[in-house]
Amino acid sequence: MSDFQTNTLTWANGAGFIRKDGISARLTVKPSVGFAFDSLYAEETNSTKVVADVTTPLTAGEIVAVDAWLDEQDIADYQRVLGVNVDGLYIGDCSPVDAFRIVGSAPPNGDHWVYDFVASDTAGHDVWRYIHGVDADGRYLGNVPLADCSDLADMPPPTAMAYWRWRTGKWVDDTPLDVLKAQRVSEAWLRCSELLETAAVATLAIGGTEYQFGVDRETRENIIGLNTAISVGVPIENPRPYFPKGALTPIMCSHADFAAIGGALLAVKDTYVVAYLTHKAAIMAASDVEAVRSYDITSNWPA
């Protein structure tokens, strides 16, 4: 039976293991035990050394030397674990005494992560939290080092808007009143433009029959172009075929009809612009952020 029943030492091929007090650890530096060897096996079932490819049993003196070396070693000096510091930052391969907590694996990738102690305790396994850093004013910094953060958000802001602020554990829209008013006025104009392009029509009788004409930009520019050409004497057929909105066949329109259509389109467009200006005035008159934010720009447009 070997002399090494409790404490053991193995070294081969440039690496080894030490076991002491029931704890095993890896060796990366060749142990200096007082005699020469290329490989050393001071184990429960094998007490040998290898020198120049020749294996020989350890002598009594060499066993004593290995035992003495093992007695001097502190196993903690050889143990290596994966650890995080008190802030939850990964410190990687380290001694157990240097780790605030020993973890089972590294963070998912090379980005900035922090160990979530509470979530890990609840889940019973390691939980890494992706860093969404914010500054002292709650502005989003992104995935930056923990040292650059005043606080950590649970997630990025809902949108790329510049005025989100992290407040008491949630993202808050902190848009200034004047900026919010400008945004809502722009939304009202966009709504006006969309309705003109998709919904607005002018109804006009041509030859005793009522037809609808779109008030979209292309139709307006087409009618304006025809009326301009007629007004400066460009030879335009009179009457001339023209397609009302949704028609599959044209109707014949005189020069006077085109003038009437142009006037009707302008009148309908004006009603939408007036509705937009009414919305704009109401938004600009508001003095409360929530009132501006909740203002309904979808109602009170021409039918």
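Everything that follows concerns the structure shown earlier in this document.
Residues numbered from 1 in each chain as written. Predicted model: local features only at pLDDT ≥ 70, side-chain atom pairs only at ≥ 80, totals over all residues. Heavy atoms only, no water.

**Section: the pairing of strand β2 (residues 15-20)**
Consecutive side chains of a regular strand alternate in pointing toward one face of the sheet and then the other. Side chains Gly16, Ile18 and Lys20 of β2 all project onto a buried face; the interleaved residues Ala15, Phe17 and Arg19 project onto a face where none is buried. With 5 bridges connecting them, strand β1 (residues 8-12) and β2 associate as antiparallel partners. Its bridge partner being in β2, Trp11 is matched across the sheet by Gly16. With antiparallel pairing between neighbouring strands as the criterion, β1 and β2 make up a hairpin whose turn holds 2 residues, including Asn13 at a positive phi of roughly 55 degrees. For β2 and strand β3 (residues 23-27), the ladder comprises 5 bridges, and the chain directions are antiparallel. By the bridge assignment, Ile18 is partnered in β3 with Ala25. Counted between consecutive antiparallel strands, the loop separating β2 from β3 contains 2 residues, among which Asp21 sits at a positive phi close to 55 degrees. (Buried < 20%, exposed > 50% of the residue type's maximum accessible area, 1.4 Å probe, protein only. Helix = DSSP H or I, 4+ residues; strand = E, 2+ residues; numbered from the N terminus. Pairing = 2+ DSSP bridges.)

**Considering the nonpolar core**
Generally speaking, a soluble globular protein has its nonpolar side chains buried in company with each other. Residues Phe213, Ile261 and Tyr272 are the most contacted members of the largest nonpolar core, which totals 32 residues. Those elements giving two or more residues to this core turn out to be α3 (177-198), β17 (201-206), α4 (217-231), β20 (251-253) and α5 (255-285). Here the element with the most residues in this core is α5; it accounts for 9 residues. Ignoring any residue separated from it by four or fewer positions in sequence, one finds Tyr272 in contact with Cys192, Leu195, Leu196, Ala200, Trp301, Pro302 and Ala303. Core analysis: the next-biggest nonpolar cluster, separate from the first, contains 18 residues, Phe4, Val33, Leu58 and Trp69 among them. (Core = buried A, V, L, I, M, F, W, Y, C linked by side-chain atoms within 4.5 Å. Contact = heavy atoms within 4.5 Å.)

**Here we look at unusual backbone geometry**
Cis rather than trans, the peptide bond between Asn238 and Pro239 has omega equal to 5 degrees. Phi is positive for Asn13, which is not a glycine, with a value near 55 degrees. Mapping Asn13 onto the fold places it in the loop between β1 and β2. Despite not being glycine, Asp53 has its phi angle at roughly 65 degrees, a positive value. Mapping Asp53 onto the fold places it in the loop between β5 (47-51) and β6 (54-57). What makes Asp53 exposed here is its relative accessible area of 77%.

**Observations regarding the packing of α4 against α5**
Two numbers describe how α4 lies on α5: the axes approach to 9 Å, and their chain directions differ by 140 degrees. In this view, α4 runs oblique relative to α5, as classed from their interaxial angle. Considering the relative orientation of α4 and α5, their crossing is left-handed. Between α4 and α5, the contacting residues are Thr219, Arg220, Ile223, Leu226, Asn227 and Ile230 on the first element and His255, Phe258, Ala259, Ile261, Gly262, Leu265 and Lys269 on the second. (Axes fitted to C-alpha atoms, helices over the stretch in contact; angles between N-to-C directions. Parallel < 35°, antiparallel > 145°, perpendicular 65-115°, else oblique. Left-handed = near helix turned anticlockwise from the far one by under 90°.)

Function cannot be read off these values alone, since they describe shape.
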